[in-house]
Structure formats: C-alpha cells, structure tokens
Amino acid sequence: MKLGDLHSFKVYMGERPKGDDISVSNFHLTMLHQVLGSKIIGARYYRTSGLFDPEDLISPRDSDGHGTHTASTAAGGLVSSASLMGLGQGTARGGVPSARVAVYKICWSDGCDDADILAAFDDAIADGVDIISFSVGRSTFRQYFRDSIAIGCFHAMKNGLLTSTSAGNDGPGQATITNFSPWSLSVAASTIDRKFLTKVQLGNNMVYQGVSINTFDLKSNMHPMIYAGDAPNTTANYTSFTARDSLDSNLVKGKIVLCEGVDSGAPAFVAGAAGVVYRDDGDKDVAFLFPLPASNLGDKDGTSIFDYINMTSNPTATILKSNEVNDVLAPFVASFSSRGPNPVTSDILTPDITAPGVAILAAWSPIAGVSRVQGDNRRAFYNIRSGTSMSCPHATAVAAYIKSFHPSWSPSAIKSAIMTTAFPLSTITSPDAEFAYGAGHIDPLKAANPGLVYDADVIDYIKFLCGQGYNTTMLQLVTGDNSSCTEANTGAVWDLNLPSFALSTVPLESFSQNFTRTVTNVGSPISTYNVTVTGSEALKIQVEPRTLSFTSLGQKLSFVVKVEGLIGRTRVSASLVWSDGQHQVRSPIVQLQMISKISTVSWPLPFGFSGTTLTSSTGASGDARKEEFQWICCEANRGGDAKSSWYTELTRSRDFWAFVNNKIVGAQYYHSDWLFGEEDLISLRDSNGHGIHAASTAAGGLVSAASLIGLGLGTARGGVPSACIAVYKERWSDGCDDADILAAFETYIQT
C-alpha cells in the first residue's frame with residue numbers, strides 16, 4: 001500500500017515527552033543517539049504480523065533512506081557543504097532546525113500494514129508529539145471509515161495534533177489523490193528553481209540534453225551504443241526490457257544502451273552496460289537517479305539517436321555528469337503529484353496546499369543505496385529525491401513553525417493559516433489549478449501571522465460525517481468513541497468551516513448554494529476586514545456581510561457566501577479575500593462538474609445486513625431513467641458468532657426495463673467513483689464488444705449463417721441457448737474497480 005513512501009515521523013517543539021522509553025531497545029536508542037546526537041529523541045518500529053523478509057532490518061533504523069530524508073527536511077540541523085557527490089552543493093537545513101524528532105517506523109519491504117499505522121498514531125499521541133508528518137500513501141483511495149490513515153489523523157486531531165500528509169504520486173490524472181481527509185493537511189508537490197540536466201554526446205559530435213541526476217563521470221570516454229531491442233535476453237524468453245535480466249549481457253556489456261521508456265535502470269545495470277539513454281515521450285519536469293550513467297530524452301531526440309545507431313556502422317556515445325540550471329518556470333506542480341477533485345467528498349477541495357517536492361536535497365541513511373537498485377554500492381549522507389513524500393515535511397515544518405508561535409492553536413487553525421496565506425500558481429504551468437495546488441504554494445513567513453483563521457473541532461467533523469450519510473456504526477469506526485449520528489448533529493458539507501469553498505454541480509443545470517463560515521481574529525485586537533471576490537464572471541458570488549469588524553482577539557464572526565451559476569465547463573475558479581490592509585486572508589472558490597449530484601436517502605438492506613446508509617442520485621442514460629445508488633457500508637450479523645464487519649463502496653443502477661428482447665432480462669452499470677473517460681459510453685450498452693461476445697458464448701440463441709465478414713461461416717449458438725441473461729456492466733476505459741465488482745456480485749445474489 002505504499003506510494004514510494006516508507007516512514008512516518010513526528011516533530012517535537014519541547015522537551016522529550018514523559019512516560020515510558022519510546023525506543024524498542026536501549027541498544028537501538030543508544031546507537032541512534034551516537035549517530036544523530038539529541039536530534040532524534042526516540043524511535044519505535046512496528047510489525048504486528050511478526051513476519052519479516054530477509055531484506056528487512058528489524059530495528060527502528062532506516063535502511064531505506066526515505067525516513068531520514070523526510071525527517072531531515074522537516075527538522076534537520078544546519079550542515080555546510082552538503083551535496084550528493086557534488087550535485088546540489090550548499091548549506092542544508094530543515095524547515096525547523098531547532099525541533100527534535102521521534103521516529104515511528106511502520107513500513108517494510110512488503111508495504112505498510114493498517115494495524116501498524118494505527119499503532120504508531122496511538123503511540124505518537126500518547127508520547128506527546130506536537131506535529132505529525134506522514135509521508136505514506138496508498139495506490140487507491142478509500143472511504144474515511146475504511147482508511148487507517150484517515151482514522152489515525154482523526155484521532156490525532158481529537159488530541160490537538162495536525163497531521164501533514166502526502167497527496168500521492170499518481171498524477172497528473174484527475175481524482176488520483178489518496179490522502180484527503182478534511183481533518184488533515186494534504187500536500188501536493190511543486191518544483192523548485194533548480195533542475196538537473198544531463199547531456200549525451202554522440203560519436204558524430206551531436207549533443208542531446210535530457211533529465212536525470214547523474215553522479216557518474218565517464219570522463220568523456222566514448223562507448224559503443226546498442227539499441228535495447230537488438231539485445232534481448234532470448235535464453236530467458238524475455239520480449240520486453242523492464243525486468244532485471246531482460247537484456248543479453250554478452251551484447252550489452254560495456255555499451256551505452258538506448259531503451260524505450262523509463263525504468264529503474266536495473267536491466268541495463270545488471271547486464272553490465274556502461275550507461276543507458278531513454279527515449280520517452282513523458283513529462284520531463286522530474287529528474288531521477290539511476291544505478292549507472294543515464295539520461296532521459298524526449299521522443300524527438302531519442303529518435304535522432306535511434307537513427308544514428310541504425311545508420312552508423314560503429315555508433316558511440318558518452319554521458320556527461322549532470323549540471324544544475326535555474327528553472328525560471330518554478331514553482332509549478334509536478335506531473336507526478338496526485339490531483340483532485342476529492343474522490344470521496346467532491347464538495348471539499350483537495351489537495352489543500354502544495355510545497356517543494358522536486359529535486360530535494362536532504363539527509364540519507366548511509367546504509368541505503370543511493371538509487372535503491374540492488375547492486376548499486378554508492379553510499380551518501382545526502383540524496384536528491386522527488387515526490388509528495390518530500391513536499392509533506394516542508395508543510396510539516398511550516399506547521400511546526402506556526403505552533404512555536406501559537407502553541408494553543410488547534411490543528412484546523414494551523415491548517416487554515418497555511419492555506420489562507422498561500423499564493424496561487426500560474427495556470428499556464430499548473431493547468432489543473434486548484435485540483436493540483438489547492439489553496440496555493442506555502443509561504444512560511446506569512447503563515448505565522450494570518451490575521452484570521454477558520455477553526456473547527458471534533459464536533460464539526462462529526463456533523464460533517466453524519467451529513468455525508470454515515471450512520472453511528474460507521475462514525476464510530478472513525479472517531480473511536482461513542483459518538484452517534486442524530487438529526488441534531490448532522491451538518492451539510494458546505495458548512496464545514498474550511499478555508500476553501502468547493503461545489504460539485506450537474507452539467508448545464510443551474511445551481512445556487514450557500515456556504516456558512518466563521519473566522520476567528522488572531523491578528524490585531526481592533527480590526528476591520530473587507531471582502532473582495534475575484535475570478536470568473538461565469539459565477540455569481542455574493543458575500544454577506546461584506547465587512548467584519550472585530551473588537552478583540554479570539555472574537556469569532558460569521559459570514560455567508562452564495563454561489564450561483566449555470567456552467568458548461570468542467571471547472572471554474574474564483575477567490576475570496578478578507579483584508580484589513582495588513583493581512584490578506586485568501587480562500588479559493590471552485591465549481592466543478594460531476595456526472596451526477598448526490599443526495600442522501602434511505603434504502604432497505606438485503607437479508608442478513610444491518611446498519612446501512614445509501615446515497616442516491618438521478619440522471620439519464622439513453623431513454624431509460626436510471627437511479628444510481630452508492631452503497632456506503634453494511635455490517636454483517638453472523639448469527640451467534642462474534643460480530644464481524646464488511647465494508648465496501650458499491651454503486652448500482654436499478655433500471656431493469658425496456659430491453660431489446662426477452663434474452664436479456666435485466667442490466668445494470670456500475671462506476672463508484674463517477675469518473676468517466678471521454679471514450680466511455682455512460683449507459684448499460686456494451687461499447688467494447690467483450691461483454692456481448694462473452695454473453696452470447698454462454699447463452700446466445702441459434703443464428704444461422706453467422707460469420708465475421710465471411711470467415712467462420714456457420715450456425716452460432718451459445719452453450720445454453722434457452723437461458724436468459726442479466727448484464728452487470730462494471731468495466732470502463734480505465735479498468736474494473738473492486739467496488740464495482742463487489743456491487744455487481746451483491747446485486748446478482750439479491751436478484
């Protein structure tokens with residue numbers, strides 16, 4: 001369940017917490033103190049299963065490098081002349097060098113277990129940490145009540161701790177974000193003004209420039225070149241070149257290999273290549289490390305090198321050591337950074353913020369390989385990495401900085417300060433706008449003095465969850481207490497006191513929505529704030545009142561924002577700014593189009609289940625009316641056995657009418673995340689052909705003279721031609737989701 005993220009850690013502002021020793025053993029704690037002095041004040045490791053792989057270091061010690069890198073980014077001390085073998089040289093320091101760190105190691109070679117994640121959160125809370133930095137993510141999103149990270153963050157919030165989380169590394173596709181709970185801080189990754197370029201010089205003196213972080217120096221020595229497609233490891237039956245042993249070492253050894261697409265560099269490295277050049281049409285905003293000299297070129301330059309290899313009797317090349325250049329377009333959101341909209345609650349804007357996460361130089365474990373490729377024996381105390389794992393601790397440091405000035409502020413107040421003082425990025429370089437960067441790019445100095453904050457506490461989030469259709473059973477999975485959902489504590493998502501405004505609407509339908517917000521004065525005791533709204537003319541935005549007059553610190557005043565319009569575009573952005581002349585308290589306003597509008601209803605449960613809540617939405621598909629139901633949760637009662645729970649998100653269509661004949665007796669389609677590709681036919685109808693082919697094979701009637709344009713001519717019949725068919729469509733252009741598969745099974749069982 002990892003996303004290139006391996007460790008969580010906590011930053012302390014004060015003395016080491018009282019209570020039990022937070023090390024797993026005195027030996028390991030002593031070792032950590034000897035290596036890192038008083039910076040790390042404790043460490044634990046977690047493995048509930050007790051099962052370790054041979055490569056796992058059974059210790060709190062970081063054998064991977066990831067945890068060291070993220071921890072030093074947040075709280076590392078000042079180190080002069082830091083570099084990765086000469087690259088990125090300068091003085092390194094963490095965001096809050098005076099802070100100290102407690103480490104909670106939860107990830108191993110096979111990933112990060114939910115039980116370990118929750119145990120680490122519990123211990124961190126009990127140990128008295130001030131801020132939690134969590135550079136761990138999933139490959140797919142989960143509902144809040146099924147997400148151990150969201151649950152852990154909720155418990156931290158209940159105890160006054162803000163958790164900074166990595167948004168994910170699955171961008172730039174929409175709704176790829178996996179850490180997005182409103183009670184945590186979700187951090188995207190953006191570029192810095194330094195980038196690394198690596199030149200490739202051919203034997204004909206042509207020079208091409210790609211991206212990589214290449215610490216190797218071939219000293220301009222020319223090496224023979226070969227195309228990977230001409231050097232397959234046929235003895236192992238490899239037809240592609242991504243596996244470690246996929247290249248023939250007899251043909252590749254000592255040569256520079258031209259490969260299609262980017263990999264880890266392991267295939268060329270294992271085969272003994274002198275270097276590797278990649279021809280890849282992907283984004284070039286991120287440079288990666290490889291275990292051998294390497295450069296990642298675009299398709300055009302890669303094709304030029306391919307032609308050179310094919311048209312030259314003895315093609316040669318060399319790869320130069322990387323050089324640093326200034327990136328004048330920075331900052332912009334990295335292509336890999338996961339995007340919104342929020343896949344669970346589309347009326348909450350995510351990510352919250354963006355921070356530096358590309359080509360970050362930070363400390364590295366000396367027992368971890370620089371490239372993480374087995375056999376790469378380079379070791380370093382600093383490394384250059386990219387990811388939302390790297391941006392997360394930057395935001396953590398800002399949160400710690402704020403807390404050092406305002407130790408009594410709540411997690412939501414700190415989050416608000418970071419968001420309302422951020423600056424938006426250019427939509428030319430970050431075209432996904434708020435879905436990429438949220439409120440904007442962090443501004444640490446301004447964040448400590450925001451003027452106003454949007455505060456929220458536990459009861460506000462409980463109202464939000466109840467308003468989302470959670471019942472008491474599901475709510476308690478998140479809160480871990482005896483909270484319950486009643487009519488009195490059910491609130492609308494638009495009234496959750498967040499420092500951003502998001503509204504999902506149905507295409508080409510007029511909309512009007514009120515948002516209620518309350519701000520707390522943390523600036524000047526006597527101050528007057530006036531509101532300014534800027535943005536698209538497609539939205540009509542009204543704020544009432546337009547002036548907020550405060551007479552004391554801590555005073556709270558409320559206002560209402562009304563957003564109206566009729567939009568044909570997928571996203572429209574605006575912003576709301578409260579200003580007293582000194583502070584600019586900015587909040588983004590985003591309207592986005594969804595396939596359908598969700599509203600809450602009740603629906604009877606299938607036999608044997610209890611405690612469910614369903615959400616319904618209506619739309620149209622062809623001529624038939626559809627009602628789509630999202631099945632949030634069911635709890636199974638197992639007779640006299642101990643109660644066990646089954647949780648999943650299921651979506652189903654309940655239209656069984658108007659079919660072409662009596663062969664198909666029913667059809668439903670499923671898509672729980674409501675995100676469709678342009679090629680998807682949002683209908684029961686098969687636009688792929690696969691379903692019709694499979695169904696007719698099983699139960700098709702007799703059809704004479706059937707053929708494919710004369711081929712295979714004869715009488716076609718299914719295995720059981722008298723059978724009728726119920727169709728459950730759960731495949732789309734992006735594949736088949738687990739939630740949809742389970743929904744189809746459940747509906748089949750019921751019907």
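Residues numbered from 1 in each chain as written. Predicted model: local features only at pLDDT ≥ 70, side-chain atom pairs only at ≥ 80, totals over all residues. Heavy atoms only, no water.

Undergrad: Teacher, can you tell me more about helix 9 (residues 411-420) here?
TA: Residue pairs three or four apart in sequence face the same way in an α-helix, which turns once every 3.6 residues. Here helix 9 lies mainly inside the structure; 10 of its 10 residues are buried. Every buried residue of helix 9 is listed here: P411, S412, A413, I414, K415, S416, A417, I418, M419 and T420. (Buried < 20%, exposed > 50% of the residue type's maximum accessible area, 1.4 Å probe, protein only. Helix = DSSP H or I, 4+ residues; strand = E, 2+ residues; numbered from the N terminus.)

Undergrad: What's the story with the confidence of the model for the protein in this structure? I'm lost.
TA: Caution is warranted with low-pLDDT regions, since their predicted coordinates should not be read in detail. When pLDDT is averaged along the protein, the result is 83, and 83% of the positions lie at 70 or above. Of the regions scoring below 50 in pLDDT, residues 1-36 engages in 132 contacts with residues more than four places distant in sequence or in other chains. Below pLDDT 50 for its whole length, residues 595-661 participates in 175 contacts with residues either more than four positions away or in separate chains. (pLDDT = per-residue confidence, 0-100. Contact = heavy atoms within 4.5 Å.)

Undergrad: What should I look at first to understand the packing of aromatic side chains in this one?
TA: The geometry of an aromatic ring pair is captured by the separation of the ring centres together with the interplanar angle, meaning the angle of the planes. This structure, assessed with the given rule, holds 19 aromatic pairs. Look at F154 and W183: their rings are 5.0 Å apart centre to centre, the planes differ by 85°, and that puts the pair in the edge-to-face class. With a gap of 29 residues between them, F154 in helix 4 (residues 148-158) and W183 in the loop between strand 9 (162-166) and strand 10 (185-190) connect regions that are remote in the sequence. Judged by its relative accessible area of 0%, F154 falls in the buried class. With a relative accessible area of 1%, W183 lands in the buried category. Among the aromatic residues, those joined into a ring-pair cluster are F141, Y144, F154, F180, W183, Y461 and F464. Sitting above the plane of the F52 ring, R47 keeps its charged end 6.0 Å from the centroid. Taking NZ or CZ as reference, R279 lies 4.8 Å from the ring centre of F306, over its face. (Phe/Tyr/Trp six-rings, centres within 6.5 Å; stacked < 30°, edge-to-face > 60°. Lys NZ or Arg CZ within 6 Å of the ring centre and 35° of its normal.)

Undergrad: How do you make sense of the pattern of salt bridges when you look at a structure like this?
TA: Pairs may arise between side chains of opposite charge once their charged atoms sit close together. If you walk through the whole model with that rule in mind, you get 16 salt bridges. Among the ionic pairs, D123 bridges to R44, the shortest N-O distance being 3.6 Å. Highlighted residues: D123 in helix 3 (residues 114-127) and R44 in strand 2 (residues 40-45), separated in sequence by 79 residues. Overall, the relative accessible area of 17% leaves R44 in the buried class. Linked through salt bridges whose partners overlap, the residues forming this network are D114, R138, R142 and D147. (Salt bridge = Lys/Arg side-chain N within 4 Å of Asp/Glu carboxyl O.)

Undergrad: What exactly am I supposed to notice about the pairing of strand 29 (residues 571-579) here?
TA: The side chains of a regular strand alternate, first on one face of the sheet and then on the other. Counting buried positions along strand 29 yields seven of nine residues, so the element is predominantly enclosed. Pairing of strand 25 (residues 527-535) with strand 29 involves six bridges; the strand directions are antiparallel. Bridging from a neighbouring strand, T532 pairs with V577 of strand 29. Pairing of strand 29 with strand 30 (residues 584-593) involves nine bridges; the strand directions are antiparallel. Within strand 30, the position partnered with R571 by the bridge is L592. Once strand 29 ends, the chain turns through four residues before running back antiparallel as strand 30, passing G581 with a positive phi of about 95°. (Pairing = 2+ DSSP bridges.)

Undergrad: Any chance you could explain the sheet that holds strand 30 here in plain terms?
TA: What links the strands of a sheet is backbone hydrogen bonding, and the strands pair in either a parallel or an antiparallel sense. Ordered by their spatial adjacency, five strands build an open sheet running 23-30-29-25-27, and the pairing between neighbours is mixed. Each edge of the sheet is formed by a strand with only one pairing partner; in this case those strands are strand 23 (501-505) and strand 27 (547-550). Here the strands of the sheet are splayed against their neighbours by 15° on average, with no regard to which way each runs. Taken together, the four bridges between strand 25 and strand 27 define a ladder with antiparallel strand orientation. Bridged to S527 within strand 27 is F550. (Axes fitted to C-alpha atoms, helices over the stretch in contact; angles between N-to-C directions.)

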